[in-house]
Amino acid sequence: MAAKPKVAFYWCASCGGCEEAVVDLNETILTVVDAVDIVLWPVAMDFKKHDVEAMPDQSIAVAFINGAVRMSEQEEWVHLLRRKAQTVVAFGSCAHLGGIPGLANLNTRREVFDTCYADVPSLQNPAATRPQGTSVQDHLTLTLPEFFDTVKALDQVVGVDYYLPGCAPPADLIWGAIQAILAGTLPPKGAVLSPNKAACDVCPRKDSKPERLEIAEVKRVATHIADPDTCFLAQGFVCMGPATRGGCGSRCVEGNMPCRGCFGPMDEVSDQGAKFLSAFASVLAPKDEAGIDRLLDQVPDPTGTFYRFSLPTSLLRRRRIGVPV
Ligand code: SF4
Ligand code: SF4
């Protein structure tokens, strides 16, 4: 019997939702387990780093890696998996674009540590202890992975062959990718494994989006209830659909939430936030500076709104170190 293809799953800086997404395959996971030999899946199975190091280079058919790269340990792992795997798939928004962890690029490591180990109101840290790269206790030396200043998407650290978008990728896209891998029918390398169509083009509310939009007031789901049948942008809610790749099944819109942009941009767009901002600015009703400022003040977190998933891979990448917030 021919050996089954070896598959690895690994997570870097992520919330665990991408691991849940694999479990969301439900009983299909039994078909996957039957068809492949899982050689690494830290969330579910006890493999050690030295097990992977002992494998011949290129002996893993596919490594699915989720999460952004924030720590030196993650950097070591992704280099190791790149060496051992024939195909590397960036799995989910954080590996694809930097994701939510990438918003930490608005701060430096020092500022992150100040918040976590000094400023949090519920914190008890009278000795002002901070994580150290190396510390000695009872004659034993303890080393911790380095916490980098800048969060990176996977392809900013190692070469990536394919991208499975989404926070988290939906089960049908994951299963489609696994079937294409097994059948050897993957598209050319570098492809995002979801149709290159805007979320608006496949949105159930697209017919209620007027030809000519005009936004006189920016609304938020925290303060306004959205009509469940009308295009969010037409109602004044920021909806990233015009600048976001479709393929998620309009999950948020179906739940009466605007699209936040987790599938990232379409192939021809290099900066999702700038693409959306350009479209958004063109439909603001006020044309005078004071009126435009009033509307922009109604978006309290512009970076977290327009670059929620894509800051590390945008043209901005991060706040310049040394420049105050
Ligand atoms: S802006 Fe949002 S709600 Fe309107 S059509 Fe596009 S994705 Fe749908
Ligand atoms: S609607 Fe937008 S934010 Fe929601 S899952 Fe789809 S692409 Fe992601």
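Source: prediction; values computed, not measured. (Residues numbered from 1 in each chain as written. Chains lettered and ligands numbered in written order. Predicted model: local features only at pLDDT ≥ 70, side-chain atom pairs only at ≥ 80, totals over all residues. Heavy atoms only, no water.)

(A) Region of the structure containing the pairing of strand β1 (residues 6-11). Bridging between β1 and strand β2 (residues 37-40) involves three bridges; their strand directions are parallel. Bridge pairing in β2 places Val7 opposite Ile38. In this structure, β1 lies alongside strand β3 (residues 60-66), joined through five bridges in parallel fashion. Residue pairing in the sheet places Ala8 in a bridge with Ala63 of β3. (Pairing = 2+ DSSP bridges. Helix = DSSP H or I, 4+ residues; strand = E, 2+ residues; numbered from the N terminus.)

(B) Examining the site of ligand 2 more closely. Close to ligand 2 lie Thr244, Cys248, Arg251, Cys252, Cys259, Arg260, Gly261, Cys262 and Phe263, which account for all nearby residues. Per-class residue counts for the shell around ligand 2 are five nonpolar, two polar and two charged. (Near = heavy atom within 4 Å. Nonpolar A, V, L, I, M, F, W, Y, C, P; charged D, E, K, R; others polar.)

(C) Molecular detail of the site of ligand 1. Surrounding ligand 1, one finds Cys200, Cys203, Lys206, Lys209, Cys231, Phe232, Leu233, Cys239 and Gly241. Taken together, the residues of the shell around ligand 1 sort by class into six nonpolar, one polar and two charged.

(D) Spatial organisation of a negative patch on the surface. Together, Asp288, Glu289, Asp293 and Asp297 line one region of the surface with negative charge. Looking at the secondary structure, you find Asp288 in the loop between α10 (272-282) and α11 (289-296). (Patch = residues over 30% accessible without salt bridge, like charges linked within 9 Å, V, L, I, M, F, W, Y side chains within 5 Å. Areas by Shrake-Rupley, 256 points an atom, 1.4 Å probe, with all protein chains shown as cover. Salt bridge = Lys/Arg side-chain N within 4 Å of Asp/Glu carboxyl O. Lys, Arg positive; Asp, Glu negative; His and termini not counted. Charge placed at Lys NZ, Arg CZ, Asp CG, Glu CD.)

Treat this as a map of the structure, not an account of what it does.
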